[in-house]
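Observations on the model geometry
Below are the chains, spelled out letter by letter.
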Amino acid sequence: MILQMERTYFRALTAQDEAALLEIYSDKDAMQYRTSLPFETLEDVKAFLDQVEREQASGKKFRCAFVHGETHELMGTAVYTYLDAESVEIGFSIGRAFWKGGYGTEGTWGLIELIKQREPQIKRIVGIAKTANEKSVRMMERMNFTFIKQKADKSYFEYWV
């Protein structure tokens, strides 16, 4: 376990997550809010897990499993990517079954805490949401992220640690 929150926790992604990742990342309606294409096969998931491993080895990005604390079901993934020496961009992919339960907020606070623990030099956290994803935009506003700009179909926010 990487970090325990109230109802959820972060842990490393594993090959045992393949079926759940396929379900989460193949949902075409949910994927409209992401920049990548939906997965179609388990081969897509395996390529994704290989990419996660390479990116983490490079030190440029950290991605982990976002898991329900009671059922231990994979809910999605959380990621942070270095923008510069003092800034990271954060992101989540949460399966539809876990929408509207406050899990995005809990996971975002958890990810901020994880960044504070693992990356004490980080001062600024950037969150980006497709503007059409009104729930994510409102969540960042409620969490006191500051709106920076809107560019094309994305809204940019920042949070100072």
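Counting starts from 1 at the beginning of each chain's written sequence and moves along it residue by residue. For a predicted model such as this one, the threshold for reporting local features is a pLDDT of at least 70, and the threshold for listing and counting side-chain atom pairs is 80 or more; totals across whole chains, interfaces and linings nevertheless cover every residue. To obtain the side-chain values, all non-hydrogen atoms of the structure were included, while hydrogens and water were left out.

Thoughts on the packing of helix H1 (residues 18-25) against helix H3 (residues 42-58)
Operational definition: Whenever a helix is involved, its axis is fitted only over the stretch in contact; in every case the axis is a line through C-alpha atoms, and angles between N-to-C directions fall within 0 to 180 degrees. Per the convention used, a helix needs a DSSP run of H or I reaching at least four residues, while a strand needs a run of E reaching at least two, with both numbered from the N terminus. For classification, angles of less than 35 degrees are called roughly parallel, those exceeding 145 degrees roughly antiparallel, those between 65 and 115 degrees roughly perpendicular, and all remaining angles oblique. Contacts: residue pairs with any heavy atoms within 4.5 Å of one another. All amino acids are sorted into three groups, where Ala, Val, Leu, Ile, Met, Phe, Trp, Tyr, Cys and Pro are nonpolar, Asp, Glu, Lys and Arg are charged, and the leftover types, Gly among them, are polar.
Running from N to C, H1 and H3 point in directions that differ by 105°, and their axes come no closer than 9 Å. Classified by the angle their axes make, H1 and H3 are roughly perpendicular. Where H1 abuts H3, its residues Glu18, Ala19, Leu21, Leu22 and Tyr25 lie against Leu42, Val45, Lys46, Phe48 and Leu49. Across the contact of H1 with H3, the residue classes tally to eight nonpolar, no polar and two charged.

Overview of the pairing of strand S2 (residues 8-11)
Here is the rule: Only protein chains enter the calculation, and the probe is 1.4 Å; a residue is then buried if its accessible area is under 20% of its type maximum, exposed if over 50%, and partly exposed in between. When DSSP finds two or more bridges between a pair of strands, those strands are recorded as paired.
Here S2 shows no split at all, with Thr8 and Phe10 on one side and Tyr9 and Arg11 on the other all buried. Taking the residues between adjacent antiparallel strands as the criterion, strand S1 (residues 3-4) and S2 are bridged by three residues. Note: S2 against strand S3 (residues 61-68), four bridges, orientation antiparallel. Note on S3: the bridge partner recorded for Thr8 is His68.

Considerations on the pairing of strand S5 (residues 87-94)
Spelled out, the test is: Here is how to tell: hold the view so the strands point away, follow the path from the first strand over the helix to the second, and if it runs clockwise the crossover is right-handed.
Within S5, six of the eight residues are buried, leaving the element largely enclosed by the surrounding structure. Summarising the sheet, strand S4 (residues 74-84) and S5 pair through eight bridges and their orientation is antiparallel. Note that in S5 the partner of Asp84 across the bridge is Ser87. Counting the residues in the hairpin turn of S4 and S5 gives two residues. When S5 meets strand S6 (residues 124-130), the two strands line up parallel, connected through four bridges. Within S6, the position partnered with Ser87 by the bridge is Arg124. Note on the crossover from S5 through helix H4 (residues 103-118) to S6: the handedness is right-handed.

Observations concerning the sheet that holds S3
In space, the eight strands of this open sheet follow the order S1-S2-S3-S4-S5-S6-S8-S7, with mixed pairing throughout. The outermost strands of the open sheet, each flanked by one partner alone, are S1 and strand S7 (146-151). As defined by bridge partners, S1 adjoins S2 across two bridges and the pair is classed as antiparallel. Bridge pairing in S2 places Gln4 opposite Tyr9.

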